[in-house]
Amino acid sequence: MRLEEIIKAIRINQVEELLGGNFVDIDFDKIIIYAEYSISADIDYKFFRSKRGLGEIIKDHNVNYERLCSIGELDNLIKFFLSKYSKKDDDILVIEVLDYLDSNNN
C-alpha cells in the first residue's frame, strides 16, 4: 500500500482496519513501516513486527525493504505537521514526512 493510504488511515483513526488481524494488540511503536526497495512517495509500503536484529534493510520473499519508521513515530510526525496547518492534504504530508525523516536520519 502507498504511504498516502497509511497517513490517511492514521489521520482518521482507522489504523487497526488497515493493519488487519496480523497486528492485533501490538503497540504502534513496535510496528515498523518498510518501503519496497527504496523509500519514496510512489512506492509500496509493508508492515513488519519489530524484533531484535530487524535492520534498516530487510529481505522478505526475495524483495528488499528499506526501513521508514514505526507507525507510532509516523503518527507523531503527522500530528506535528498538522499542528502547523490542519488542512494539509495527505499527499503533502507524505512529502513532508519523507523530507523530515531523510534530513534527520543522515
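Above this note sits the structure.
Along each chain, numbering runs from 1 in the same order as the chain's sequence is written. With pLDDT at 70 or above as the cut-off, local features in this predicted model cover only qualifying residues; side-chain atom pairs require 80 or more to be listed or tallied, and sums for whole chains, interfaces and linings still use all residues. Side-chain descriptors were evaluated using all non-hydrogen atoms of the structure, hydrogens and water having been removed beforehand.

## As for the sheet that holds strand β1 (residues 31-36)
Move 1: Whether two strands pair depends on DSSP finding at least two bridges between them. What counts as a helix is a DSSP run of H or I of at least four residues, what counts as a strand is a run of E of at least two, and both are numbered from the N terminus. Judged by pairing direction, the sheet is antiparallel, and its 4 strands sit side by side in the order β2-β1-β4-β3 without closing on themselves. Because the sheet does not close on itself, it has two edges, and the strands there are β2 (45-49) and β3 (57-60). For this sheet, the mean angle separating the axes of adjacent strands, direction not counted, is 45°.
Move 2: In this sheet, strand β4 (residues 63-70) lies alongside β3 in antiparallel orientation, the contact comprising 4 bridges. Along β4, the bridge assignment pairs I58 with Y65. Interaxial angles span 0 to 180 degrees and are taken between N-to-C directions of axes, which are lines fitted to C-alpha atoms, for helices over the stretch in contact.

## Concerning the pairing of β4
Move 1: By the bridge criterion, 5 bridges tie β1 to β4 in an arrangement that is antiparallel. By the bridge assignment for β4, E36 is matched with Y65.

## Here we look at the packing of helix α1 (residues 3-11) against helix α3 (residues 71-84)
The packing of two helices is summarised by the inter-axis angle and the distance between the axes.
Move 1: For the pair α1 and α3, interaxial distance at closest approach is 10 Å and the crossing angle is 75°. Overall, the two elements α1 and α3 adopt an arrangement that is roughly perpendicular. Of the residues in α3, those in contact with L3, I6, I7, I10 and R11 of α1 are I71, L74, D75, I78 and L82.
Move 2: Grouping the amino acids of the contact of α1 with α3 by side-chain chemistry returns 8 nonpolar, no polar and 2 charged. The cut-offs work like this: below 35 degrees is roughly parallel, past 145 is roughly antiparallel, 65 to 115 is roughly perpendicular, and the gaps in between are oblique. We call two residues in contact whenever any of their non-hydrogen atoms come within 4.5 Å of each other. In this classification, the charged set is Asp, Glu, Lys and Arg, the nonpolar set is Ala, Val, Leu, Ile, Met, Phe, Trp, Tyr, Cys and Pro, and all remaining amino acids, among them Gly, are polar.

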